Amino acid sequence: MKRAVITVLIVSALGLSALTVWLYLPFQRIRTLDAQYRQVQQGMRMSEVAGIMNHDGRWRESEFKAWWDDKPLGALEDARIRKAVRYSVPTFFLPVTFEFTFDADGKTVGRHRYD
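To start, this report covers the structure provided alongside it. Just so you know, these numbers come straight off a predicted model, no measurement behind them.

## Quick word on the pattern of salt bridges
Point 1. Summed over all chains, the structure comprises 10 salt bridges.
Point 2. A salt bridge links Arg80 to Asp103; its shortest N-O distance comes to 3.0 Å. With a gap of 23 residues between them, Arg80 in helix H3 (residues 75–80) and Asp103 in the loop between strand E5 (96–102) and strand E6 (108–114) connect regions that are remote in the sequence.
Point 3. Through salt bridges with shared partners, one network takes in Asp34, Arg38, Arg113 and Asp115.

## Digging into the pairing of strand E4 (residues 83–89)
Point 1. Pairing geometry for strand E1 (residues 58–60) and E4, over three bridges, is antiparallel. Of the residues in E4, the one forming a bridge with Arg60 is Ala84.
Point 2. The sheet contact formed by E4 and E5 spans seven bridges and is antiparallel. Bridge pairing in E5 places Arg86 opposite Glu99.

## Quick word on helix H2 (residues 46–53)
Point 1. All of the buried residues along H2 are Val49, Ile52 and Met53. Looking straight down H2, one finds its buried side chains confined to an arc of 90°; they lie on one side. Of the exposed residues in H2, those oriented more than 90 degrees away from the buried face are Ser47 and Gly51.
Point 2. Of the residues one or two after H2, Asn54 is the one with positive phi, at around 50°.

## Side note on the nonpolar core
Point 1. The biggest cluster of nonpolar side chains holds 15 residues, and the ones touching the most others in it are Val40, Val49, Met53, Tyr87, Phe98 and Phe100.
Point 2. Mapped onto this core, the elements with two or more residues apiece are helix H1 (2–37), H2, E4 and E5.
Point 3. If one sorts the elements of this core by residue count, E5 sits on top with four residues.
Point 4. If near-sequence neighbours (up to four positions away) are discounted, Met53 is found in contact with Arg29, Leu33, Gln36, Tyr37, Tyr87, Phe98 and Phe100.
Point 5. Ranked by size, the runner-up nonpolar core spans five residues in total, among them Ala66, Ile81, Ala84 and Val109.

## A closer look at the packing of aromatic side chains
Point 1. Enumeration over the complete set of coordinates arrives at four aromatic pairs.
Point 2. Pairing Tyr87 with Phe100 gives two aromatic rings, centres 6.0 Å apart and planes at 70°, and the pair type is edge-to-face. Here Phe100 lies in strand E5 and Tyr87 lies in strand E4, a separation of 13 residues in the sequence.
Point 3. Here Phe100 falls in the buried class, since its relative accessible area comes to 0%.
Point 4. One aromatic cluster is present, built from ring pairs that chain together Tyr37, Tyr87, Phe98 and Phe100.
Point 5. Here Arg86 stacks its cationic end above the ring of Tyr114, 4.9 Å away from the centre of that ring.
Point 6. We note Arg111 situated over the ring of Tyr37; from NZ or CZ to the ring centre the distance is 4.8 Å.

What counts as what
- Residues numbered from 1 in each chain as written.
- Predicted model: local features only at pLDDT ≥ 70, side-chain atom pairs only at ≥ 80, totals over all residues.
- Heavy atoms only, no water.
- Salt bridge = Lys/Arg side-chain N within 4 Å of Asp/Glu carboxyl O.
- Helix = DSSP H or I, 4+ residues; strand = E, 2+ residues; numbered from the N terminus.
- Pairing = 2+ DSSP bridges.
- Buried < 20%, exposed > 50% of the residue type's maximum accessible area, 1.4 Å probe, protein only.
- Arc of directions from axis to C-beta.
- Core = buried A, V, L, I, M, F, W, Y, C linked by side-chain atoms within 4.5 Å.
- Contact = heavy atoms within 4.5 Å.
- Phe/Tyr/Trp six-rings, centres within 6.5 Å; stacked < 30°, edge-to-face > 60°.
- Lys NZ or Arg CZ within 6 Å of the ring centre and 35° of its normal.

Printed below as a string of structure tokens:
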């Protein structure tokens with residue numbers, strides 16, 4: 001009987017530890033990406049942004065909206081955008097996504113965090 005109780009306690013502790021790590025790691029990655037995101041400035045080149053973010057991104061080439069953080073930049077800036085890259089971190093509920101938009105010269109127009 002003691003062995004069964006000890007086994008259950010060990011398995012429970014391991015399961016709780018695994019759950020804690022599973023919940024913690026995405027948020028650690030989000031904090032890291034958020035600090036890197038704040039380093040990106042308007043006018044930076046695509047390669048500079050990719051170097052700062054240091055994370056796999058997904059490129060988009062349609063349906064753009066220019067933002068700088070939570071402020072929309074307007075229709076003139078929207079029209080300048082030719083490409084965007086999104087860096088996403090899945091969480092247990094919804095992903096957190098960092099998006100950067102670029103003009104035809106490959107310079108940063110906007111940045112936005114979706115969460």
